[in-house]
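Each chain is listed here by its residues.
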Amino acid sequence: MARSGPGSLSTHVLNTADGIPAEGMVVELWRMDPAPVLVTSKRTNADGRTDGPLMSAVEFQAGRYELRFAVADYFRAHGQGAEVPYLDVVTLAVGLSAGQGHYHVPLLCSPWSYATYRGS
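Residues numbered from 1 in each chain as written. Predicted model: local features only at pLDDT ≥ 70, side-chain atom pairs only at ≥ 80, totals over all residues. Heavy atoms only, no water.

Concerning the sheet that holds strand 5 (residues 63–70)
Reading across from one edge, 4-3-5-6 is the order of the four strands in this open sheet, with antiparallel pairing throughout. A strand with exactly one partner marks an edge of an open sheet, and here the two such strands are strand 4 (37–43) and strand 6 (89–96). Shown here is a sheet whose adjacent strand axes are inclined to one another by a mean of 20°, direction ignored. Pairing analysis gives six bridges linking strand 3 (residues 26–31) to strand 4, with the strands arranged antiparallel. Following the sheet pairing, Val-26 is matched in strand 4 by Arg-43. (Pairing = 2+ DSSP bridges. Helix = DSSP H or I, 4+ residues; strand = E, 2+ residues; numbered from the N terminus. Axes fitted to C-alpha atoms, helices over the stretch in contact; angles between N-to-C directions.)

Here it is, written out as structure tokens:
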């Protein structure tokens, strides 16, 4: 099914080690073209989501982006951190196109693994 409409971007982070939303994780959005620029930095709420979109329909610009999730800092703050973490900052490089509607990028993570997909 084709997606359409104005673009926007959101995320949702789940702590799969404990089976709970990842409250308090820092998520950064970087625009990569023409040079890396920090667009926003947000912290997830009790539901593992940011209180607002990472990029609203009004702010949306097509292009290459990186979402950077501070996984090691989050798990350290919850007593599961290692001195040298297996995962530190999980970086997802994504391409966002105009006319593709809402992008939702969930992250399911533990101190040792992660998975992602384009959600709805």
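What about the environment of Glu-28?
As for its position among the elements, Glu-28 is in strand 3. For Glu-28, a relative accessible area of 24% gives the class partly exposed. Once the C-alpha coordinates of Glu-28 and Tyr-117 are considered, the two residues, 89 residues apart in sequence, prove to be 18 Å apart. Apart from the residues within four sequence positions on either side, Glu-28 is in contact with Leu-38, Thr-40, Ser-41, Glu-66, Leu-67 and Arg-68. A polar side-chain atom of Glu-28 sits 2.8 Å from a polar atom in the side chain of Trp-30. (Buried < 20%, exposed > 50% of the residue type's maximum accessible area, 1.4 Å probe, protein only. Contact = heavy atoms within 4.5 Å. Polar contact = N/O pair within 3.5 Å; in protein donor to acceptor, adjacent residues only side chain to side chain.)

A short note on the nonpolar core
Leu-9, Met-25, Phe-69, Val-71, Leu-96 and Leu-107 are the most contacted members of the largest nonpolar core, which has 24 residues in total. Secondary-structure elements contributing two or more residues to this core are strand 1 (8–15), strand 3, strand 5, helix 1 (71–77), strand 6 and strand 7 (102–109). Among residues more than four places away in sequence, those in contact with Leu-9 are Leu-29, Pro-53, Leu-54, Met-55, Leu-96, His-102, Tyr-103 and Val-105. (Core = buried A, V, L, I, M, F, W, Y, C linked by side-chain atoms within 4.5 Å.)

Thoughts on unusual backbone geometry
Note that the residue after Asp-33, namely Pro-34, is joined by a cis bond; omega there is 0°. Assignment of secondary structure puts Pro-34 in the loop between strand 3 and strand 4.

Considering the environment of Gln-100
Note on placement: Gln-100 falls in the loop between strand 6 and strand 7. Judged by its relative accessible area of 30%, Gln-100 is partly exposed. In this structure the C-alpha to C-alpha distance between Gln-100 and Ala-62, which are 38 residues apart in sequence, comes to 9.7 Å.

Quick word on the pattern of salt bridges
Tallied over the full model, the rule gives four salt bridges. As a salt-bridge pair, Asp-33 and Arg-64 come within 3.2 Å of each other at their nearest N and O atoms. Linking Asp-33 in the loop between strand 3 and strand 4 with Arg-64 in strand 5, this pair joins segments that are 31 residues apart in sequence. (Salt bridge = Lys/Arg side-chain N within 4 Å of Asp/Glu carboxyl O.)

So far we have only geometry, and geometry alone does not tell us how the molecule works.
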